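Next come the chains, spelled out residue by residue.
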Amino acid sequence: PVDRENMWHQFLRRINLVDGVSVSTSSDGKQRVSLRTPPLEGMGVRWFQVDEEGKEQELLQYANQRSFQPDEGGKYRVKVEFRTPEVRQYNSDFQGQMDFRVCPA
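Definitions and limits used
- Residues numbered from 1 in each chain as written.
- Predicted model: local features only at pLDDT ≥ 70, side-chain atom pairs only at ≥ 80, totals over all residues.
- Heavy atoms only, no water.
- Pairing = 2+ DSSP bridges.
- Helix = DSSP H or I, 4+ residues; strand = E, 2+ residues; numbered from the N terminus.
- Axes fitted to C-alpha atoms, helices over the stretch in contact; angles between N-to-C directions.
- Phe/Tyr/Trp six-rings, centres within 6.5 Å; stacked < 30°, edge-to-face > 60°.
- Buried < 20%, exposed > 50% of the residue type's maximum accessible area, 1.4 Å probe, protein only.
- Lys NZ or Arg CZ within 6 Å of the ring centre and 35° of its normal.
- Expected span 1.5 Å × (residues − 1).
- Arc of directions from axis to C-beta.

S.K.: Would you explain the sheet that holds strand β7 (residues 95-102) in this entry?
M.R.: Backbone-to-backbone hydrogen bonds join strands into a sheet, with any given pair of strands oriented parallel or antiparallel. Taken together, 4 strands build an open sheet; the order of strands is β4-β3-β6-β7 and the sheet is antiparallel. Only two strands of the sheet have a single neighbouring strand rather than two, namely β4 (56-58) and β7. Strand-to-strand, the axes of this sheet are offset by a mean angle of 30°, without reference to chain direction. One ladder, built from 8 bridges, connects strand β3 (residues 43-50) with strand β6 (residues 74-82); its direction is antiparallel. From the neighbouring strand, Met 43 faces β6, where its bridge partner is Phe 82.

S.K.: Help me understand the packing of aromatic side chains in this model?
M.R.: For any pair of aromatic rings, the description rests on two quantities: the centre-to-centre distance and the angle between the ring planes. Taken as a whole, this structure holds 9 aromatic pairs when the rule is applied. Between Phe 82 and Phe 94, the aromatic rings sit 6.3 Å apart at their centres with planes inclined by 10°, giving stacked as the arrangement. With a gap of 12 residues between them, Phe 82 in strand β6 and Phe 94 in the loop between β6 and β7 connect regions that are remote in the sequence. For the pair formed by Phe 82 and Phe 94, the shared burial category is buried. An aromatic cluster of three or more residues is present, and its members are Trp 8, Phe 11, Phe 82, Tyr 90 and Phe 94. Against the face of Phe 48 rests Lys 79, its NZ or CZ located 4.9 Å from the ring centre. Just above the ring of Tyr 90 sits the side chain of Arg 83; from NZ or CZ to the centre is 3.8 Å.

S.K.: Mind showing me how you'd approach helix α1 (residues 2-14) here?
M.R.: Residue pairs spaced three or four apart in an α-helix point in one direction, given the helix's 3.6 residues per turn. In this model, α1 (13 residues) spans 19 Å end to end at C-alpha, consistent with the 18 Å of a helix rising 1.5 Å per residue. For α1, the complete set of buried residues consists of Glu 5, Trp 8, His 9 and Leu 12. Viewed along the axis of α1, the buried residues span an arc of 95°, placing them on a single side of the element. Away from its buried face, by an angle of more than 90 degrees, α1 presents the exposed residues Asp 3, Met 7 and Arg 14.

See below:
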(Lines give C-alpha, C1' and ligand atoms only; values in the text may rest on other atoms or scores of the structure.)
Protein backbone atom coordinates (compact mmCIF):
# COMPACT_ATOMS: atom_id res chain seq x y z
CA PRO A 1 0.00 0.00 0.00
CA VAL A 2 2.81 2.46 0.77
CA ASP A 3 4.37 1.81 -2.65
CA ARG A 4 1.06 2.55 -4.37
CA GLU A 5 0.64 5.74 -2.40
CA ASN A 6 4.14 6.83 -3.40
CA MET A 7 3.40 5.99 -7.04
CA TRP A 8 0.34 8.26 -6.97
CA HIS A 9 2.36 11.08 -5.45
CA GLN A 10 5.11 10.73 -8.06
CA PHE A 11 2.60 10.46 -10.91
CA LEU A 12 0.58 13.51 -9.87
CA ARG A 13 3.73 15.56 -9.35
CA ARG A 14 4.39 15.19 -13.10
CA ILE A 15 0.94 15.90 -14.56
CA ASN A 16 -1.80 18.51 -14.30
CA LEU A 17 -5.26 17.33 -13.32
CA VAL A 18 -6.79 19.94 -15.64
CA ASP A 19 -5.57 19.55 -19.22
CA GLY A 20 -7.84 22.33 -20.44
CA VAL A 21 -11.30 23.76 -20.85
CA SER A 22 -12.93 24.34 -24.22
CA VAL A 23 -15.97 26.43 -25.08
CA SER A 24 -17.85 25.50 -28.25
CA THR A 25 -20.99 26.86 -29.89
CA SER A 26 -23.56 24.56 -31.50
CA SER A 27 -25.53 25.36 -34.65
CA ASP A 28 -28.46 26.56 -32.51
CA GLY A 29 -26.21 29.13 -30.82
CA LYS A 30 -25.93 27.39 -27.44
CA GLN A 31 -22.52 27.24 -25.84
CA ARG A 32 -21.03 24.16 -24.18
CA VAL A 33 -18.09 24.15 -21.79
CA SER A 34 -16.07 20.91 -21.74
CA LEU A 35 -13.35 19.84 -19.31
CA ARG A 36 -10.31 17.83 -20.38
CA THR A 37 -8.68 15.77 -17.61
CA PRO A 38 -6.68 12.56 -17.37
CA PRO A 39 -9.04 9.55 -17.37
CA LEU A 40 -8.88 8.77 -13.64
CA GLU A 41 -11.69 7.30 -11.56
CA GLY A 42 -12.20 9.20 -8.34
CA MET A 43 -12.06 12.66 -9.89
CA GLY A 44 -14.44 15.21 -8.35
CA VAL A 45 -15.41 18.22 -10.48
CA ARG A 46 -16.83 21.53 -9.22
CA TRP A 47 -17.82 24.50 -11.42
CA PHE A 48 -18.01 28.13 -10.27
CA GLN A 49 -19.10 31.44 -11.72
CA VAL A 50 -16.71 34.21 -10.65
CA ASP A 51 -17.85 37.82 -10.24
CA GLU A 52 -15.85 41.01 -10.92
CA GLU A 53 -14.39 40.96 -7.40
CA GLY A 54 -13.22 37.34 -7.71
CA LYS A 55 -15.97 35.92 -5.50
CA GLU A 56 -17.00 32.38 -6.46
CA GLN A 57 -20.54 31.05 -6.65
CA GLU A 58 -20.61 27.29 -7.02
CA LEU A 59 -22.86 25.89 -9.75
CA LEU A 60 -24.08 22.91 -7.73
CA GLN A 61 -26.30 21.58 -10.51
CA TYR A 62 -23.16 20.73 -12.54
CA ALA A 63 -21.20 18.96 -9.79
CA ASN A 64 -19.08 16.06 -11.10
CA GLN A 65 -20.07 16.72 -14.72
CA ARG A 66 -17.36 17.03 -17.37
CA SER A 67 -19.38 19.56 -19.40
CA PHE A 68 -22.29 21.99 -19.07
CA GLN A 69 -24.16 24.74 -20.91
CA PRO A 70 -23.64 28.12 -19.22
CA ASP A 71 -26.68 30.38 -18.79
CA GLU A 72 -24.65 33.52 -19.44
CA GLY A 73 -21.24 34.81 -20.39
CA GLY A 74 -18.60 35.80 -17.89
CA LYS A 75 -15.73 34.41 -15.89
CA TYR A 76 -15.85 30.83 -14.65
CA ARG A 77 -13.60 28.48 -12.70
CA VAL A 78 -13.39 24.70 -12.57
CA LYS A 79 -11.80 22.82 -9.67
CA VAL A 80 -10.96 19.14 -9.71
CA GLU A 81 -9.86 16.89 -6.90
CA PHE A 82 -8.61 13.32 -7.19
CA ARG A 83 -9.21 10.83 -4.38
CA THR A 84 -8.37 7.12 -4.13
CA PRO A 85 -8.39 4.64 -1.23
CA GLU A 86 -4.74 3.89 -2.05
CA VAL A 87 -3.66 7.30 -0.68
CA ARG A 88 -3.76 8.38 2.96
CA GLN A 89 -1.88 11.72 2.79
CA TYR A 90 -3.02 14.20 0.13
CA ASN A 91 -1.26 17.35 -1.03
CA SER A 92 -1.91 20.07 -3.60
CA ASP A 93 -0.84 17.73 -6.45
CA PHE A 94 -4.20 15.98 -5.99
CA GLN A 95 -6.08 19.20 -6.87
CA GLY A 96 -6.24 21.41 -9.92
CA GLN A 97 -8.16 24.40 -11.18
CA MET A 98 -8.49 26.61 -14.22
CA ASP A 99 -10.18 29.94 -14.89
CA PHE A 100 -11.79 30.65 -18.25
CA ARG A 101 -14.19 33.08 -19.92
CA VAL A 102 -17.42 32.48 -21.77
CA CYS A 103 -18.42 35.19 -24.25
CA PRO A 104 -22.05 36.24 -24.22
CA ALA A 105 -24.05 34.36 -26.87
